[in-house]
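# Inside the fold
Spelled out from the first residue to the last, the chains are:
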Amino acid sequence: MRISIITVCYNSAKTIGLTLRSIREQVYGDIEHIIVDGGSKDNTLEIVAAEGSHVAKVISEKDNGIYDAMNKGIRLATGEVIGTLNSDDFYKDPGVLERVAHVMQAEQLDALYGDVEFFRPEKPDSIARRYNSGRFKPSRLRWGWMPAHPALFLRRPLFDRYGFYRTDYRIAGDFEFIARVFKHRELRHRHLPESLVRMQMGGVSTSGWRATLLLNQEMIQGCRVNSIPTNWAMMLMRYPAKALEFFRMSR
């Protein structure tokens, strides 16, 4: 079973080396790594050329945002399973994709998702927060809960059946897509109770109060277009639980 991993990048020279290395060192034998670059001005592509001997496909051209870039990667992918790994994230250990493939094949799953560990750029060896995807259930979409996107693996036919990421979302296109797919009760999915990805803090969705406002606006819209009832009060109720993730790691 081939697994296609899509990495979207733009001016990622400082971080993409770790991403490349983590995929190159995976022990699973059938991985297709696709790099979708937005026309980087730094030496991102030089690093990909030097350290990406395993990379199957590279495209570099202007895009219309991160979700447009992800869609380009999906269209190029030939794997039965598709995942995304950001250009400043990496898999926790070399056996991640092997375990993902084993569980998805053995249980004939449409989707599998694990946890993510967040680290601060200045302290890469220290875990600041762990996002537990096990709290997600489709019934909790209305409350803003979703599986950690970099630790989510989906069968290719889901994209053919339900469509790709919407490019009119700036921050929460992944949430809207997950809502669109996971609202269907026949979907076979489960949580793998372990951390699969280490993720650098400081992404677009956490870059200040304006980003937080836009994120929640888009998440509410994502629910409504998929006929999932929600409101601002319901969305905001998840933040105390998220704050506890930092508290637990600090103890």
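Residues numbered from 1 in each chain as written. Predicted model: local features only at pLDDT ≥ 70, side-chain atom pairs only at ≥ 80, totals over all residues. Heavy atoms only, no water.

### A word on the overall build of the protein
Tallying secondary structure elements over the protein gives 9 helices and 9 strands in all. Once the C-alpha set of the protein is aligned to its principal axes, its extents read approximately 50 × 40 × 40 Å. Contacts in the protein between residues at least 24 apart in sequence constitute 76% of all its contacts with a sequence separation of at least 6. With an accessible surface of roughly 11800 Å², the protein has 52% of that area assigned to carbon and sulfur atoms. On the protein, the mean spot of the 36 positive side-chain charges and the mean spot of the 29 negative ones are 7 Å from each other. (Helix = DSSP H or I, 4+ residues; strand = E, 2+ residues; numbered from the N terminus. Contact = heavy atoms within 4.5 Å. Areas by Shrake-Rupley, 256 points an atom, 1.4 Å probe, with all protein chains shown as cover. Lys, Arg positive; Asp, Glu negative; His and termini not counted. Charge placed at Lys NZ, Arg CZ, Asp CG, Glu CD.)

### Looking at the pairing of strand β2 (residues 31-37)
Burial of β2 is extensive: 6 of the 7 residues sit out of reach of the surface. Pairing between strand β1 (residues 3-9) and β2: 7 bridges, direction parallel. Bridge pairing links S4 to E32 in β2. Sheet topology places β2 next to strand β3 (residues 55-60); 5 bridges connect them, and they run parallel. Paired with I35 across the strands is V58, a residue of β3. A crossover links β2 with its parallel partner β3, the connecting element being helix α2 (residues 44-51), and its sense is right-handed. (Buried < 20%, exposed > 50% of the residue type's maximum accessible area, 1.4 Å probe, protein only. Pairing = 2+ DSSP bridges. Right-handed = clockwise from strand over helix to strand, strands pointing away.)

### Details of the environment of S195
Structurally, S195 is set in strand β9 (residues 189-200). Overall, the relative accessible area of 5% leaves S195 in the buried class. Between the C-alpha atom of S195 and that of A241, which follows or precedes it by 46 residues, the distance is 18 Å. A polar side-chain atom of S195 sits 3.2 Å from a polar atom in the side chain of E117. One polar contact links S195 to R130, side chain to side chain, over a distance of 3.4 Å. (Polar contact = N/O pair within 3.5 Å; in protein donor to acceptor, adjacent residues only side chain to side chain.)

### A closer look at the side chain of D37
Along the chain, D37 falls in strand β2. Buried and without a salt bridge, D37 has K41 as its closest oppositely charged side chain, separated by 8.6 Å. Within the local environment of D37, its side chain forms a polar contact with the backbone nitrogen of G39, the two atoms lying 2.9 Å apart. Polar side-chain contacts of D37 include one of 2.6 Å to the side chain of S60. Setting aside chain neighbours within four positions, we find D37 in contact with C9, Y10, T44, L45, I59, S60 and E61. (Salt bridge = Lys/Arg side-chain N within 4 Å of Asp/Glu carboxyl O.)

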